[in-house]
Amino acid sequence: MTIERLWPVPEAFLDIAMVEEVTDGRARCTSVAICDAEGNPLRSFYQGQAAHFFYEFEILDKIGVPCGGLEFHNSSGLVIHGKNSFQYDVELPRSAESGQRLRYHQVIHLDVGPGYYWFTVGFASTDEVSYQNYSSGAIGHEQFAPLVHCRVVDVASFIVQFDEQGKLRHHGVANLQGHAQLTVIPSTVGSSVQHRKRESAEEKKTTIIHVTHWKAGSQWIHRILNECVPDLVVTPRLNQTQFLTSPIQLGKVYPTVYVTKAQFDRTHLPPNTRRFVVIRDLRDTLVSAYFSMKISHPALESGPPHLRTVLQSLSQEDGMLYMIEEWLPPCADIQTSWLEADEPLIRYEDLLEHDLAILEAVLLDRCQLPVARAS
């Protein structure tokens, strides 16, 4: 099947007018889309699913052997995967003329950890002799230096979730190939009475989960819990791995857990686990996030590292629109999932007015946090 038959309909392509493009004037990016196998636009994938990236570059000045490529990174800026035409076993044209448009279709199986990712597309070229030498192995990567003509940085984000059955395929960033085996050693006869007694005592401990979304007072409550039970608090980690991929620790306190109801329900929890959910009006969430990410918070603490650069290059209105498209949806997904579950919720706005009364009832009465009441 040719790429023309696979090329998505115009409605599938992203609006890249406000996306940062770095070019030397010899090529420019004209369109980018991310789709499923049928060519439908998609931004949410399950682990292992094939993501189809389509992108087109217009040649503005004659160049040598052309090369298109793509890379994506996580919210900390770590590049998870990148590959270009020179690294695929495909035959490339020896030159490209001004006025030509080169269309690329790149398929990547997303065997990566659950989380949000941002992708960048790029375009480069090299002379024919260098290309032949590199292809034949006469020179290696260190001697091969293509000239980059265009990069469209952080075109858009996409999310990777658990696989089709809701299972976690692997831990960590990437799914590396390998195998494992098991050997069973016969048990020895002995008393397990003391072991059962220890288990019974442990099971009485309460595990507490604070579920919320970004900019809903999560760090405020995190500080309160740290003050109350610093030895019990489990430190939040990137992409919620402390909750989604690590065993939940009995009797511990998990603040700032950014998960949907479905993600929560798929997690194996210890007996006697209590939770409380805090949400905030999404309009206020958006405004708070916009100003903190653009101005006040350290860049790595306020969101993906590219956001501050993008927001500072846009007007306030365009920046808000960009945040609605690129940042707010995960907050809305979390909030909607708990609202639809008819879960008792704590509203951030109420906390601002009645923090002591609400938190005392939630933390001490409902969740049985092991601290004394104020006298």
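Structural data are supplied above this passage.
Residues numbered from 1 in each chain as written. Predicted model: local features only at pLDDT ≥ 70, side-chain atom pairs only at ≥ 80, totals over all residues. Heavy atoms only, no water.

## Here we look at the overall build of the protein
(1) Moving on: Broken down by element type, the protein carries 12 helices and 13 strands.
(2) Moving on: In terms of principal-axis extent, the alpha carbons of the protein reach across some 80 × 60 × 35 Å.
(3) Moving on: In the protein, buried positions account for 43% of the 375 residues.
(4) Moving on: Long-range contacts, defined as pairs at least 24 residues apart, comprise 74% of the intrachain contacts of the protein with a sequence gap of at least 6.
(5) Moving on: Side chains of the protein give 32 positive and 45 negative charges; the mean places of these two sets differ by 8 Å. (Helix = DSSP H or I, 4+ residues; strand = E, 2+ residues; numbered from the N terminus. Buried < 20%, exposed > 50% of the residue type's maximum accessible area, 1.4 Å probe, protein only. Contact = heavy atoms within 4.5 Å. Lys, Arg positive; Asp, Glu negative; His and termini not counted. Charge placed at Lys NZ, Arg CZ, Asp CG, Glu CD.)

## Things to note about the packing of helix α4 (residues 218-228) against helix α12 (residues 348-366)
(1) Moving on: Where α4 contacts α12, the two axes come as close as 13 Å, and the packing angle between them is 30 degrees. In terms of orientation, α4 lies roughly parallel with respect to α12. As for the relative orientation of α4 and α12, their crossing is right-handed in sense. Here Trp220, Ile221, Ile224 and Leu225 of α4 come into contact with α12, specifically with Tyr348, Leu351, Leu352, Asp355, Leu359 and Leu363.
(2) Moving on: When the residues that make up the contact of α4 with α12 are grouped by side-chain class, the tally is 9 nonpolar, no polar and 1 charged. (Axes fitted to C-alpha atoms, helices over the stretch in contact; angles between N-to-C directions. Parallel < 35°, antiparallel > 145°, perpendicular 65-115°, else oblique. Left-handed = near helix turned anticlockwise from the far one by under 90°. Nonpolar A, V, L, I, M, F, W, Y, C, P; charged D, E, K, R; others polar.)

## Topic: helix α11 (residues 328-340)
(1) Moving on: Taking 1.5 Å per residue, 13 residues should reach 18 Å; α11 reaches 18 Å between its end C-alpha atoms and fits that length.
(2) Moving on: Along α11, the positions that sit buried rather than exposed are Leu328, Pro330, Cys331, Ala332, Ile334, Gln335, Ser337 and Trp338.
(3) Moving on: A positive phi of about 55 degrees marks Asp342, the residue just after α11. (Expected span 1.5 Å × (residues − 1).)

## A closer look at the packing of aromatic side chains
(1) Moving on: Taken as a whole and assessed by the stated rule, the structure comprises 22 aromatic pairs.
(2) Moving on: In textbook terms, an aromatic cluster arises when at least three aromatic residues are bridged by ring pairs, as seen for Phe45, Phe53, Phe72, Tyr117, Phe119 and Phe158.
(3) Moving on: A cation over an aromatic ring shows up here: Lys83 above the ring of Tyr88, its NZ or CZ 4.8 Å from the ring centre. (Phe/Tyr/Trp six-rings, centres within 6.5 Å; stacked < 30°, edge-to-face > 60°. Lys NZ or Arg CZ within 6 Å of the ring centre and 35° of its normal.)

## Quick notes on the pattern of salt bridges
(1) Moving on: Evaluated as defined, the whole model comprises 16 salt bridges.
(2) Moving on: The salt bridge partner of Glu58 is Arg28, with a shortest N-O separation of 2.9 Å. Of this pair, Glu58 sits in strand β4 (residues 50-59) while Arg28 sits in strand β2 (residues 27-35), and the two are 30 residues apart along the sequence.
(3) Moving on: Through salt bridges with shared partners, one network takes in Arg43, Glu325 and Glu326. (Salt bridge = Lys/Arg side-chain N within 4 Å of Asp/Glu carboxyl O.)

## Looking at the nonpolar core
(1) Moving on: Formed by 32 residues in total, the largest nonpolar core has its most connected members in Phe53, Phe72, Leu110, Phe119, Val121, Phe123 and Phe158.
(2) Moving on: Residues in contact with Phe53, not counting those within four places in the same chain, are Ala33, Ile34, Leu70, Tyr104, His105, Gln106, Ile108, Phe119 and Phe158.
(3) Moving on: Membership of the second largest hydrophobic core comes to 17 residues, among which are Leu225, Val233, Leu359 and Leu369. (Core = buried A, V, L, I, M, F, W, Y, C linked by side-chain atoms within 4.5 Å.)

## A word on the pairing of strand β7 (residues 101-109)
(1) Moving on: Of the two faces of β7, only one is covered, namely that formed by Leu102, Tyr104, Gln106 and Ile108; the face formed by Arg101, Arg103, His105, Val107 and His109 stays uncovered.
(2) Moving on: Across 9 bridges, the pairing between β4 and β7 is antiparallel. Of the residues in β7, the one forming a bridge with Phe54 is His105. (Pairing = 2+ DSSP bridges.)

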